[in-house]
Amino acid sequence: MKSRPTVAIVGATGAVGAEFAACLEQRKFPLGTLKALASARSAGKTMNFRGETIVIEELTEKSFEGVDIALFSAGGSISKKFAPIAVKAGAVVIDNSSAFRMDPSVPLVIPEVNPGRIKEHKGIIANPNCSTITALVPLWPIHRKNRIQRVTIATYQASSGAGAAAMEELVESTRAHLEGRSYAPKVLPHPYAFNVFSHNDTVDPETGYNGEEIKVIRETRKIFEDDAIRVGITCVRVPVLRAHCEAITFECEKPITEDEVRAILSDAPGVKIVDDRAKNYFPMPIDASGQGDILVGRIRKDVSDPTGHSIAMFVSGDQLLKGAALNAVQIAEYLV
Ligand code: A2P
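Residues numbered from 1 in each chain as written. Predicted model: local features only at pLDDT ≥ 70, side-chain atom pairs only at ≥ 80, totals over all residues. Heavy atoms only, no water.

**Some thoughts on the site of the ligand**
Part 1: Within the structure, the ligand sits among 15 residues, and T13, S39, R41, S42 and A164 are positioned closest to it.
Part 2: The separation between an oxygen atom of the ligand and a polar side-chain atom of R41 is 2.7 Å.
Part 3: Considered on its own, the ligand offers 570 Å² of accessible surface; in the complex 71% of this is hidden by protein.
Part 4: Spatially, the ligand is embedded in the largest pocket.
Part 5: Its residues assigned to classes, the shell around the ligand comprises seven nonpolar, seven polar and one charged. (Near = heavy atom within 4 Å. Polar contact = N/O pair within 3.5 Å; in protein donor to acceptor, adjacent residues only side chain to side chain. Areas by Shrake-Rupley, 256 points an atom, 1.4 Å probe, with all protein chains shown as cover. 1 Å grid on protein atoms, 1.4 Å probe; cavity = no way out; pocket = protein on both sides within 12 Å on 5 of 7 lines; lining within 4 Å. Sits in = over half its atoms within 2 Å of the grid points. Nonpolar A, V, L, I, M, F, W, Y, C, P; charged D, E, K, R; others polar.)

See the structure below:
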């Protein structure tokens, strides 16, 4: 890898794409040239990067000549078609879609958990699902000390996970609701303003689990390299713009106390404890938005398990940053 690589962003006009550029700039990623790629609809538009104006180009099969690192976030079908083309042209792809995550030859990486896998890549490195990252950053240091054998998660997911158009839909439908106007949903399947609904990914008719839930279950096993870990999960969208929350209850192999969990997490990379019982101040999307750490609080014994092996907690993380763009840029930093 060159010391000042050429980096391409595929999906540069999207919610995650914009954060790729912001993370590269803020973290002073040592890139030479940035290429911004999107659909033909966006060709010719401009974006700002390090004080320069970058003209957005249409993504084509020729886009990757001279590109060293390609950050993809334009949906699974674009990744499936263009990631192999980018690899063939000599780029390393870090893909934010689900297209390659469960491919055994593709590392699925959270740098705080399994950075060692990055060097095994054969051209593509997958960024995990945002709900997976948000749960696993705090669970991993606990799992390493006292194996987690079972975890139950309920998510409270922001609009950003469904892209820029869904964020716009939340804002516009809220405005319409407050002004007493009707609003027909265009991106999400249900009214978003002042509502909560089961995650919009396809539901498996046999099991009743939706695609998002299945991703978290499978990705957890792959990243922890633990096929025996039992994961139960319910994924839900809430009318929040950009940070996800998750209520997480986990059961360890050996007994564990809330003080032990607090001690482990106080040193854990990528984690910030926000757990003030006196002030009733715990992780909130409004605090998690715009920062890279996963906020963890409400750390307490799970009283439904009298054996003392189980802990409940509540977390919040910026879906666009640690859940997507920041994780990918951290991976890119290992490549240079
Ligand atoms: P565009 O804005 O030109 O449609 P989000 O995840 O926020 O929905 O963003 C999706 C990103 O993927 C956008 O940057 C979008 O570009 C890009 N995209 C969608 N379809 C294509 C396509 N056919 N070719 C290239 N980029 C695409």
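There is more to say, and it comes next.
**Side note on the layout of surface pockets**
Part 1: The volume enclosed by the largest pocket comes to roughly 1100 Å³.
Part 2: What lines the largest pocket is a set of 47 residues, among which S73, A74, G75, A162 and G163 lie closest to the centre.
Part 3: With three residues, helix α1 (residues 15–26) is the largest single contributor of residues to the lining of the largest pocket.
Part 4: Classifying every residue of the lining of the largest pocket by side-chain character gives 17 nonpolar, 22 polar and eight charged.
Part 5: Summarising the domain contributions, the lining of the largest pocket has at least three residues from each of domain 1 (6–128 + 324–335) and domain 2 (132–319).
Part 6: Here the second largest pocket is characterised by a volume of approximately 170 Å³. (Points joined across faces, edges and corners; volume = space filled by probe spheres on them. Helix = DSSP H or I, 4+ residues; strand = E, 2+ residues; numbered from the N terminus. Domains from an automatic or database assignment.)

**What about the sheet that holds strand β8 (residues 124–126)?**
Part 1: Taken together, the six strands give an open sheet; going across it, the order is β5-β2-β1-β6-β7-β8, and neighbouring strands pair in parallel fashion. A strand with exactly one partner marks an edge of an open sheet, and here the two such strands are β5 (57–58) and β8.
Part 2: Sheet analysis places strand β1 (residues 7–10) next to strand β2 (residues 34–38), joined by four bridges and oriented parallel. Among the inter-strand pairings, V10 is bridged to a residue of β2, identified as L37.
Part 3: Its contacts with the sheet place α1 against β1, β2 and β6 (69–72), and it is angled at close to 155° to β1. (Pairing = 2+ DSSP bridges. Contact = heavy atoms within 4.5 Å. Axes fitted to C-alpha atoms, helices over the stretch in contact; angles between N-to-C directions.)

**Some thoughts on the domain arrangement of the protein chain**
Part 1: What the domain assignment reports for the protein chain is domain 1 (6–128 + 324–335) and domain 2 (132–319).
Part 2: For domain 1 versus domain 2, the distance between C-alpha centres works out to 25 Å.
Part 3: Listed per partner, the contact involves 18 residues of domain 1 and 20 residues of domain 2.
Part 4: Here domain 1 packs against domain 2, burying approximately 1600 Å² in sum over the two surfaces, 66% of which is carbon and sulfur.
Part 5: Among the residues domain 1 hides against domain 2, the three largest losses belong to M102, E112 and V113. Together they make up 31% of the total.
Part 6: Here domain 1 is connected to domain 2 by three salt bridges.
Part 7: R242 is paired through a salt bridge with E19; the nearest N and O atoms lie 3.4 Å apart.
Part 8: At the boundary of domain 1 and domain 2, one finds seven residue pairs in polar contact (both at pLDDT 80 or more).
Part 9: Counting only elements with at least two residues in the side of domain 1 that touches domain 2, the list comes to α1 and α8 (321–335).
Part 10: Take the side of domain 1 that touches domain 2: its biggest share by element is three residues, from α8.
Part 11: Across the side of domain 1 that touches domain 2, the residue classes break down as ten nonpolar, three polar and five charged. (Buried area = accessible area lost by both parts, 1.4 Å probe. Salt bridge = Lys/Arg side-chain N within 4 Å of Asp/Glu carboxyl O.)

**Describing the pairing of strand β16 (residues 310–318)**
Part 1: For β16, a buried count of nine out of nine residues is recorded, marking the element as mostly surrounded by other parts of the structure.
Part 2: The two faces of β16 match: S310, A312, F314, S316 and D318 on one face and I311, M313, V315 and G317 on the other face are all buried.
Part 3: Where strand β13 (residues 243–252) meets β16, nine bridges bridge the pair, whose relative direction is antiparallel. When the bridges of β16 are listed, H244 appears paired with G317.
Part 4: The sheet contact formed by strand β15 (residues 294–301) and β16 spans five bridges and is antiparallel. Across the sheet, residue K301 finds its bridge partner in β16, namely I311. (Buried < 20%, exposed > 50% of the residue type's maximum accessible area, 1.4 Å probe, protein only.)

**Observations concerning the packing of aromatic side chains**
Part 1: Enumeration according to the criterion identifies four aromatic pairs in this entry.
Part 2: Arranged with centres 5.1 Å apart and planes meeting at 50°, the rings of W140 and F224 form a pair that is tilted. Taken together, the residues span a long stretch of sequence, with W140 in helix α3 (residues 130–145) and F224 in helix α5 (residues 211–224) at a distance of 84 residues. In terms of burial, W140 and F224 fall into one category: buried.
Part 3: Residues Y156 and F314 carry aromatic rings whose centres are separated by 5.5 Å and whose planes lie at 75° to one another, so their mutual orientation is edge-to-face. Placement of Y156 in strand β9 (residues 148–156) and of F314 in strand β16 is noted, with a sequence separation of 158 residues between them.
Part 4: One residue, R298, lies across the ring of F282, its end atom 5.3 Å from the ring centre. (Phe/Tyr/Trp six-rings, centres within 6.5 Å; stacked < 30°, edge-to-face > 60°. Lys NZ or Arg CZ within 6 Å of the ring centre and 35° of its normal.)

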